[in-house]
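Residue-level listing of the chains:
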Amino acid sequence: MDTSIFNDFTREAIATGIVLILLVVLRLITTKLVRRYARLSQTVERRTNLVIKYLHLFINILLIIALIIIWGVDAKDIIIAVSSLATVVGVAMVAQWSILSNITSGIILFFSYPFKIGDTIHIHDKDFPIIAEIDDIGAFYLSMITKEGELVIYPNSLVLQKGISVVNTEFSPTDFTD
């Protein structure tokens, strides 16, 4: 009986092993590529680790989908589970859309690299224009310090929506006011 169970699932067990090996290889490759890109663009280590973490999460989700397909879970069961999960996630996302928007914006800022920590930027906002030096670029927000020493926390999603000028570092923010 044990032998027949092993023989019945040999193909699935081998495929699972291959997928797990592929998972490890993909995680190693993505980590190396992101670290190489970060080194070339002189990105802060913490930002690099966040992007790697998000990519690993995406790869893990793909692994779960692959395992579900390999083990032949009934399509009806998958549809029911996915629709239930989508409903729960959809309700949660309505409440948390800004968090996902900021995380996505943080990843875009990482790869597009329009400015770096230490740059002085001017955010062209009609109601609240800001000229400040970038103190930190996180997963959710941009932390800046104005010439008055005020700490300004600006959501990443808004950074992508507003026009931004990187002020020449030869000048200070006071050179551009009034």
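Rules and cut-offs
Residues numbered from 1 in each chain as written. Predicted model: local features only at pLDDT ≥ 70, side-chain atom pairs only at ≥ 80, totals over all residues. Heavy atoms only, no water. Helix = DSSP H or I, 4+ residues; strand = E, 2+ residues; numbered from the N terminus. Buried < 20%, exposed > 50% of the residue type's maximum accessible area, 1.4 Å probe, protein only. Contact = heavy atoms within 4.5 Å. Pairing = 2+ DSSP bridges. Axes fitted to C-alpha atoms, helices over the stretch in contact; angles between N-to-C directions. Expected span 1.5 Å × (residues − 1). pLDDT = per-residue confidence, 0-100. Salt bridge = Lys/Arg side-chain N within 4 Å of Asp/Glu carboxyl O. Patch = residues over 30% accessible without salt bridge, like charges linked within 9 Å, V, L, I, M, F, W, Y side chains within 5 Å. Areas by Shrake-Rupley, 256 points an atom, 1.4 Å probe, with all protein chains shown as cover. Parallel < 35°, antiparallel > 145°, perpendicular 65-115°, else oblique. Left-handed = near helix turned anticlockwise from the far one by under 90°.

S.K.: Honestly, the overall build of the protein in this entry has me stumped. Any pointers?
M.R.: Broken down by element type, the protein carries five helices and five strands. The order of helices and strands in the protein, counted from the N terminus, is α-α-α-α-β-β-β-β-α-β. When the 178 residues of the protein are sorted by exposure, 27% land in the buried category. Partitioning the intrachain contacts of the protein with sequence separation of at least 6 by distance along the chain shows that 56% fall at a separation of at least 24.

S.K.: Is there a simple way to explain the sheet that holds strand β2 (residues 130–137) in this structure?
M.R.: Hydrogen bonds between backbone atoms are what pair the strands of a sheet, whose relative direction is either parallel or antiparallel. Reading across from one edge, β4-β3-β2-β1-β5 is the order of the five strands in this open sheet, with antiparallel pairing throughout. Looking at which strands have only one partner, the edges of the open sheet turn out to be β4 (151–155) and β5 (163–167). Going from strand to strand, the sheet's axes swing by 40 degrees on average, the running direction of each strand aside. In this sheet, β4 lies alongside strand β3 (residues 141–146) in antiparallel orientation, the contact comprising five bridges. Bridge assignment links Ser143 to a residue of β4, and that residue is Ile153.

S.K.: Looking at this structure, I do not really get helix α3 (residues 45–70). What am I missing?
M.R.: Two residues of an α-helix separated by three or four positions point the same way, owing to the 3.6 residues in each turn. Across its 26 residues, α3 extends 37 Å between first and last C-alpha, which sits within 8% of the 38 Å expected from 1.5 Å per residue. Buried within α3 are the following residues: Arg47, Thr48, Val51, Ile52, His56, Ile59 and Leu63.

S.K.: Looking at this model, I keep getting lost on the side chain of Ser105. Mind explaining?
M.R.: Within the secondary structure layout, Ser105 lies in helix α4 (residues 75–112). Since its relative accessible area comes to 6%, Ser105 is described here as buried. The residues touching Ser105, leaving out its near neighbours within four places in the chain, are Asn156, Ser157 and Leu160.

S.K.: When you look at the pairing of β3 in this model, what are you seeing that I'm missing?
M.R.: Regular strands show a simple pattern: their side chains alternate between the two faces of the sheet. Note: β2 against β3, five bridges, orientation antiparallel. Along β3, the bridge assignment pairs Glu133 with Ile145. Connecting β2 to the next strand, β3, in antiparallel fashion are three residues.

S.K.: Would you mind going over helix α2 (residues 10–41) with me for this structure?
M.R.: Taking 1.5 Å of rise per residue, the 32 residues of α2 would be expected to cover 46 Å, and the 46 Å separating its terminal C-alpha atoms lies within 8% of that figure. Looking at the residues trailing α2, positive phi occurs at Gln42, about 55 degrees.

S.K.: When you look at the confidence of the model for the protein in this model, what are you seeing that I'm missing?
M.R.: A low pLDDT means the predicted coordinates there should not be read in detail. For the protein, the mean per-residue pLDDT works out to 79, and 82% of the residues sit at or above 70. The element-level mean pLDDT for the protein is lowest in helix α1 (residues 2–8), coming to 61, with β4 highest at 91.

S.K.: Looking at this model, I keep getting lost on the pattern of salt bridges. Mind explaining?
M.R.: When the charged atoms of two side chains lie near each other, side chains of opposite charge can form a pair. Inspection of every chain in the model, using the stated rule, returns three salt bridges. For Asp125, the salt bridge is made with Lys162, and the minimal N-O distance between the two is 3.8 Å. Of this pair, Asp125 sits in the loop between β1 (120–124) and β2 while Lys162 sits in the loop between α5 (156–161) and β5, placing them 37 residues apart in sequence. Its relative accessible area of 15% is what places Asp125 among the buried residues.

S.K.: Sorry, what's going on with a nonpolar patch on the surface here?
M.R.: A cluster of nonpolar side chains, Leu57, Phe58, Ile61, Leu62, Ile65 and Ile69, forms an exposed patch at the surface whose accessible area comes to about 600 Å². Following the sequence through the fold, Ile65 ends up in helix α3. In this structure Ile65 comes out as partly exposed when scored by relative accessible area, which is 43%.

S.K.: Explain the packing of α2 against α3 to me, please; I cannot follow it from the model alone.
M.R.: Packed helix pairs are characterised by how far apart their axes lie and by the angle those axes make with each other. Two numbers describe how α2 lies on α3: the axes approach to 10 Å, and their chain directions differ by 160 degrees. On the basis of the axis angle, α2 is roughly antiparallel to α3. Note that α2 runs across α3; the crossing there is right-handed.

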